[in-house]
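Fold and geometry: a report
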Amino acid sequence: MEAGLQPYRSRPPASAASSGNLADILERVLDKGIVIAGDIQINLLDIELLTIKLRLLVASVDRAREMGIDWWESDPSLSSKARQQLESENRDLRERLSRLESAAGLEESRDG
Amino acid sequence: MAEVDDLIREARAEARAAVQARLRARFERQLMEEAEARLAPAPQPGRAPDAITGLWVYCVAGGELPDVPPDVAGVAAGHQPRVIRAAGLAAVVSEVPLDEYGEEGLRRNLNDLDWLEEVVRAHENVLDSALPGGPLVPMRVCTIYHGAEQVERMLAERRASFEDAMERLAGRAEWGVKLTVDRDRVAEAARARTEHVAGATAGAGGSYLGRRQQDMRLRDEVDEVVTAAAAESHARLEEWAAESELLPAQRRELSGHDGEMVMNAAYLVDDDRLDGFRRVVADLEQQYAGHGFAFELTGPWPAFHFTGSAR
């Protein structure tokens, strides 16, 4: 029983982290601690960090939603819904462009 | 009249051509910008990216924090962690090359688990080395500034909230307790109990339906035992902690635990209550170890779960 109770991250600290369980460390350093936007653009990093977190740590998407994490709903690279949105936005833009072009009388040159 | 019509037609055609040319130039410019942005998001003109470094911040502590021992390595090879002191506070930092730790580099590297593991272990290791020096506020990984001046400004601007956090953490440390269970062993024990009680009527389990009902009863009983064990453990540990937080169960691929993780919690424990806290873990282990449960105590950790990450 004693063996199970020894903190394996015993001091001296130099050897501590190297023996720790990666999940223990990740759930702390990725997810917790003071979050301050440094000079390196953190808004992009947030997404990356959460990507990893979700993949590695969070048991399910439902659980993530409970925790208020729903960024993938709007991240174009991750959600098919968002991708559809992006596609329809592109379509709208193309239509607007052709309307503009025809308003400017460009349709004849395209035909020709 | 026909002449006027021609004039109008010509003028209209010329106007069309002129507008077309302008629109075209505009679209060209726009598309070119988009294409350039997509193709070359990286280096700023006149600067060799590998020559630039930023400052990775590990934690903030009181101004009396001792220097980092020289045998403690930083996240980036060859860059020793050091202490920046300002506004009565101390920040532990080390240089990181921005080609690897800039926005673009991090996007690439963070999804590489080997790279990530090395970096987070180094981050944690530096914090561990600073932990005996008094209360410290750990930073989430990838808090990077351009230089010492920016770090000093950050310390000055956030001085009050750092001091609040350190006051809350003084004389305390974060400890982790995980409970894992081997359900088969819990089921075995439950079955043995049932058979013992049922005794003479054991023959009732002979039919298929009877066996199924027994299986379902057994599963429910195992669930109950497991839930009760987790609830009791957390409740008893919580009594000895200043604050606590229940965490999601860990993924076996990363943690390598045996059995099923049914509790994963972090506790902020006063140093002078640590003995009591440890005793509870030992008691729980004694009570449950023979029944398929295993406890794991880890720590002391930097108080990652108790520094108010939303601030």
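Residues numbered from 1 in each chain as written. Chains lettered and ligands numbered in written order. Predicted model: local features only at pLDDT ≥ 70, side-chain atom pairs only at ≥ 80, totals over all residues. Heavy atoms only, no water.

Along the backbone of chain B there are 10 helices and 9 strands. Counting over 311 residues, chain B shows a buried share of 41%. A sequence separation of at least 24 residues applies to 75% of the contacts in chain B between residues at least 6 apart. Total accessible area on chain B stands at roughly 16,900 Å², and carbon and sulfur atoms take up 51% of it. (Helix = DSSP H or I, 4+ residues; strand = E, 2+ residues; numbered from the N terminus. Buried < 20%, exposed > 50% of the residue type's maximum accessible area, 1.4 Å probe, protein only. Contact = heavy atoms within 4.5 Å. Areas by Shrake-Rupley, 256 points an atom, 1.4 Å probe, with all protein chains shown as cover.)

Turning our attention to helix α4 (residues 113-130) of chain B. Structural remark: α-helix, 3.6 residues per turn; residues separated by three or four positions point the same way. In this model α4 of chain B runs 26 Å from its N-terminal to its C-terminal C-alpha over 18 residues, within 8% of the 26 Å that 1.5 Å per residue would give. Taken across its 18 residues, α4 of chain B has 14 buried, putting it largely inside the fold. (Expected span 1.5 Å × (residues − 1).)

With that settled, consider the pairing of strand β1 (residues 53-62) of chain B. All names here are of chain B. Burial analysis of β1 places 9 of its 10 residues in the buried class, the great majority of the element. Where β1 meets strand β3 (residues 89-97), 9 bridges bridge the pair, whose relative direction is antiparallel. Following the sheet pairing, G54 is matched in β3 by V96. Pairing analysis gives 2 bridges linking β1 to strand β5 (residues 144-145), with the strands arranged antiparallel. What sits directly across from L55, in β5, is Y145. Examined bridge by bridge, β1 and strand β4 (residues 136-138) share 3 bridges and lie antiparallel to one another. Its bridge partner lying in β4, V60 is registered against V137. (Pairing = 2+ DSSP bridges.)

To continue, consider the packing of helix α8 (residues 208-238) of chain B against helix α10 (residues 274-288) of chain B. Residue and element names in this part refer to chain B. Where α8 meets α10, the closest approach of the two axes is 10 Å, and the angle between their N-to-C directions is 160 degrees. Taken as axis vectors, α8 and α10 run roughly antiparallel relative to one another. In this structure, α8 crosses over α10, and the sense of that crossing is right-handed. Seen from α8, the contacting residues are A228, A229, E232, S233, R236 and L237; seen from α10, they are F277, V280, V281, D283, L284, Q287 and Y288. Class assignment of the residues belonging to the contact of α8 with α10 gives a composition of 8 nonpolar, 2 polar and 3 charged. (Axes fitted to C-alpha atoms, helices over the stretch in contact; angles between N-to-C directions. Parallel < 35°, antiparallel > 145°, perpendicular 65-115°, else oblique. Left-handed = near helix turned anticlockwise from the far one by under 90°. Nonpolar A, V, L, I, M, F, W, Y, C, P; charged D, E, K, R; others polar.)

Here the focus is unusual backbone geometry. Residues and elements named next belong to chain B. Residue P300 is bonded to the preceding G299 through a cis peptide linkage, with omega at 0 degrees. Structurally, P300 can be placed in strand β9 (residues 293-301). Look at C142: it is not a glycine, yet its phi comes out positive at around 70 degrees. Position of C142 relative to the elements: it lies in the loop between β4 and β5. With a relative accessible area of 1%, C142 lands in the buried category.

Between two aromatic rings, the relevant description is the distance of the centres plus the angle of the planes. Summed over the entire model, instances satisfying the criterion amount to 6 aromatic pairs over all chains. Here the aromatic residues W56, Y58, Y101 and W115 of chain B are joined through ring pairs into a cluster of three or more. Over the ring of W301 of chain B we find R28 of chain A, and its NZ or CZ is 4.1 Å from the ring centre. (Phe/Tyr/Trp six-rings, centres within 6.5 Å; stacked < 30°, edge-to-face > 60°. Lys NZ or Arg CZ within 6 Å of the ring centre and 35° of its normal.)

Okay, the environment of M166 of chain B next. All names here are of chain B. Relative to the helices and strands, M166 is located in helix α6 (residues 159-169). Taking the C-alpha atoms as reference points, M166 and L136, separated by 30 residues in sequence, lie 6.2 Å from one another. The contacts of M166, once residues within four sequence positions are left out, are V60, A61, G62, L89, P135 and V137.

The next subject is the sheet that holds strand β6 (residues 172-181) of chain B. Residues and elements named next belong to chain B. Ordered by their spatial adjacency, 4 strands build an open sheet running β7-β8-β6-β9, and the pairing between neighbours is antiparallel. Edge strands, defined here as strands with exactly one partner in the open sheet, are β7 (243-246) and β9. Averaged over all adjacent pairs, the angle separating strand axes in this sheet is 20 degrees, with direction ignored. Bridge analysis of β6 against β9 gives 7 bridges, and the strand direction is antiparallel.

W56, Y58, V75, V92, Y101, V120 and I144 of chain B are the most contacted members of the largest nonpolar core, which totals 40 residues. Mapped by element, the contributors of at least two residues to this core are α3 (22-29) of chain A together with β1, β3, α2 (98-101) and α4 of chain B. The element contributing the most residues to this core is α4 of chain B, with 8 residues. Not counting chain neighbours up to four residues away, the residues in contact with W56 of chain B comprise V75, V92, V93, S94, V96, Y101, V119, H123, V141, C142, T143 and I144 of chain B. Within the second largest apolar cluster, 28 residues are counted, among which are A187, Y267, V269 and V281 of chain B. (Core = buried A, V, L, I, M, F, W, Y, C linked by side-chain atoms within 4.5 Å.)

Residues and elements named next belong to chain B. Mean pLDDT over chain B: 87, with 91% of residues reaching 70 or higher. Of all the helices and strands in chain B, helix α9 (residues 252-255) carries the lowest mean pLDDT, 76, while strand β2 (residues 82-86) carries the highest, 97. Overall, residues 43-50 carries pLDDT values under 50, and its contacts beyond four positions in sequence, including any with other chains, amount to 4 contacts. Here the prediction assigns the complex a pTM of 0.69, and the interface score ipTM is 0.73. (pLDDT = per-residue confidence, 0-100.)

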